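Commentary on secondary and tertiary structure
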Amino acid sequence: DTSDAIHVNITGPITGFNLSNPSGIIAGQPFALNVLNAVDGNGNPASGIIRITASTGGGEAPDGTDPVIEDIVVTSGSGSEDQTLYKAEPTVVLTGKLSTNEAVSDDTNPFTVTHAGINSLAMSGVPATVAAGAYFLNPITVTALDAYENIVTNYTGSVYFTTTSSSYDLPY
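Residues numbered from 1 in each chain as written. Predicted model: local features only at pLDDT ≥ 70, side-chain atom pairs only at ≥ 80, totals over all residues. Heavy atoms only, no water.

Turning our eyes to something else, we now look at the pairing of strand 8 (residues 101–107). Across four bridges, the pairing between strand 7 (residues 89–98) and strand 8 is antiparallel. The partner of Thr95 across the bridge, within strand 8, is Asp107. The turn linking strand 7 back onto strand 8 is made up of two residues. (Pairing = 2+ DSSP bridges. Helix = DSSP H or I, 4+ residues; strand = E, 2+ residues; numbered from the N terminus.)

Here it is in structure tokens:
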């Protein structure tokens, strides 16, 4: 007696994968990081968990907000998870490593996280006191900041100074 052939498809652990390359990332806005082409030693789509870390950049924002970096669950060769970075900086690199074998890894290409929109203005160089009618000895600097205290480099609006004193007029 004979029987029909039985085909058993057993995939092994992930032996290779690729991370997507993020672009257009804005501080505080989640973006999808994808694992693609995760395969086992026979080239079959494989499953597992890829641990994500920031290997270059990707630290806390100037206001102390930590990045939200999530591991990626890979099923049948691919997976995706939102990541959120808050520090505006160039050349960020994220690294993915297989949770069960850190030798299996991949890096994103370096990418830039740009600041979010303007949230506030910060002044520096303001003296504690000034005699009436005297000029400030040093210049005052006004810096545009986003919600995470990254410097907003493309602010082109105007800044006006006001006072609550009825004794003084400031130029507009």
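The structure having been displayed, the exposition proceeds.
Let us now look at the side chain of Gln83. Position of Gln83 relative to the elements: it lies in strand 6 (residues 79–83). Given the relative accessible area of 0%, Gln83 is considered buried. Looking at Gln83, its side chain comes within polar contact range of the main-chain nitrogen of Glu70, at 2.6 Å. (Buried < 20%, exposed > 50% of the residue type's maximum accessible area, 1.4 Å probe, protein only. Polar contact = N/O pair within 3.5 Å; in protein donor to acceptor, adjacent residues only side chain to side chain.)

A word on unusual backbone geometry. Even without glycine at this site, Asn37 takes up a positive phi of about 55°. When its relative accessible area of 52% is taken as the criterion, Asn37 is described as exposed. Positive phi, normally seen in glycine, also occurs at Glu149, with a value near 65°. On the secondary structure map, Glu149 appears in the segment after strand 11 (141–145). Classification of Glu149 as partly exposed rests on a relative accessible area of 43%.

Bringing the nonpolar core into the picture now. Core analysis: the biggest nonpolar cluster contains 24 residues, and Ile14, Phe17, Val35, Ile50 and Phe111 have the highest contact counts within it. Within the residue set of this core, elements represented by two or more residues are strand 1 (16–19), strand 3 (31–39), strand 4 (48–56), strand 5 (72–74), strand 7 and strand 9 (111–114). Ranked by the residues each element gives to this core, the list is headed by strand 3, at four residues. Not counting residues within four places of it along the chain, the set of residues in contact with Phe17 comprises Val35, Leu36, Asn37, Ala38, Ile50, Gly96, Lys97, Leu98, Val104, Ser105 and Asp106. (Core = buried A, V, L, I, M, F, W, Y, C linked by side-chain atoms within 4.5 Å. Contact = heavy atoms within 4.5 Å.)

Next up on the list: the side chain of Glu89. Tracing the backbone shows Glu89 in strand 7. On the basis of relative accessibility, which here comes to 13%, the residue Glu89 falls in the buried class. Leave out the neighbours within four places in its chain, and Glu89 touches Gly57, Gly58, Gly59, Phe111, Thr112 and Val113.

Among the surface-exposed residues, Glu60, Asp63, Asp66 and Glu149 lie close enough to one another that they form a single negatively charged patch. Counting through the fold element by element, Asp66 comes out in the loop between strand 4 and strand 5. (Patch = residues over 30% accessible without salt bridge, like charges linked within 9 Å, V, L, I, M, F, W, Y side chains within 5 Å. Areas by Shrake-Rupley, 256 points an atom, 1.4 Å probe, with all protein chains shown as cover. Salt bridge = Lys/Arg side-chain N within 4 Å of Asp/Glu carboxyl O. Lys, Arg positive; Asp, Glu negative; His and termini not counted. Charge placed at Lys NZ, Arg CZ, Asp CG, Glu CD.)

Under the counting rule described, the total for this entry stands at two salt bridges. Here Arg51 makes a salt bridge to Asp71, at a shortest N to O gap of 2.4 Å. You can see Arg51 sitting in strand 4 and its partner Asp71 sitting in the loop between strand 4 and strand 5, a full 20 residues away along the chain. On the accessibility criterion, Arg51 (41% relative accessible area) is partly exposed. Between Lys87 and Glu89 there is a salt bridge; the shortest N-O distance is 4.0 Å. In this structure Lys87 comes out as partly exposed when scored by relative accessible area, which is 30%.

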